[in-house]
Amino acid sequence: RLKQQARRLHQQARCLKQQARLLKQQARRLHQEARRLKQQARFLKQQAQRLHQQARHQHQQARRLKQQARFLKQQAQRLHQQARHQHQQARRLKQPAQHSKQQ
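Treat the numbers as computed from the prediction; the structure is a model and nothing was measured. (Residues numbered from 1 in each chain as written. Predicted model: local features only at pLDDT ≥ 70, side-chain atom pairs only at ≥ 80, totals over all residues. Heavy atoms only, no water.)

To continue, consider the overall build of the protein chain. Tallying secondary structure elements over the protein chain gives 1 helix and 0 strands in all. In summary, the protein chain has a C-alpha radius of gyration of 44 Å against a globular reference of 13 Å for 103 residues, an excess of more than 25%. With the C-alpha coordinates aligned to their principal axes, the bounding extent of the protein chain is approximately 150 × 15 × 10 Å. The buried share of the protein chain, reckoned over its 103 residues, is 0%. Within the structure as shown, the protein chain displays about 11,100 Å² of accessible surface, and the carbon and sulfur contribution to it stands at 52%. (Helix = DSSP H or I, 4+ residues; strand = E, 2+ residues; numbered from the N terminus. Rg over C-alpha atoms; globule rule 2.2 N^0.38 Å. Buried < 20%, exposed > 50% of the residue type's maximum accessible area, 1.4 Å probe, protein only. Areas by Shrake-Rupley, 256 points an atom, 1.4 Å probe, with all protein chains shown as cover.)

Tracing the backbone shows Leu30 in helix α1 (residues 2–102). Overall, Leu30 belongs to the exposed group, its relative accessible area being 58%. Here the alpha-carbon distance between Leu30 and Gln49, two residues 19 residues apart in the chain, equals 28 Å.

Per the counting criterion, the structure on display carries 1 salt bridge. Note that Arg36 and Glu33 form a salt bridge whose closest N and O atoms lie 3.0 Å from each other. Of this pair, Arg36 and Glu33 both sit in helix α1, 3 residues apart, roughly one helical turn. Among the residues examined, Arg36 registers a relative accessible area of 43% and is labelled partly exposed. Given the relative accessible area of 34%, Glu33 is considered partly exposed. (Salt bridge = Lys/Arg side-chain N within 4 Å of Asp/Glu carboxyl O.)

Quick look at the structure:
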C-alpha cells in the first residue's frame with residue numbers, strides 16, 4: 001500500500017511540475033505581450049504629440065497667411081485709391097489745356 005501511495009505522490013509531483021512549467025510559459029508570454037503593448041502605447045503617445053505639434057504649426061501658418069492676405073488687400077485698396085487719385089489729377093490737368101485751345 002505504501003508503494004501505491006508513493007507512486008501516486010510521484011505522479012502528482014510530476015503533474016504539478018508540468019503545471020508549473022506551463023504557468024511559467026504563460027507568464028513569459030504575458031510579460032512579452034505587456035512589453036509590446038507598452039511600446040505601442042509609447043509610440044502612439046509620440047505620434048499624438050507629433051500630430052499636435054504639426055496642428056499647432058499649421059494653425060500658426062494659417063494665421064500668418066491670413067494676416068498676409070489682409071495686408072495685401074489693404075495694400076491693393078491703397079494702390080487703387082492712389083490710381084483713382086492720379087487719374088482724377090490727370091483729368092484735371094487735361095481740362096485747362098482744352099479750355100485754352102477753345103479760347
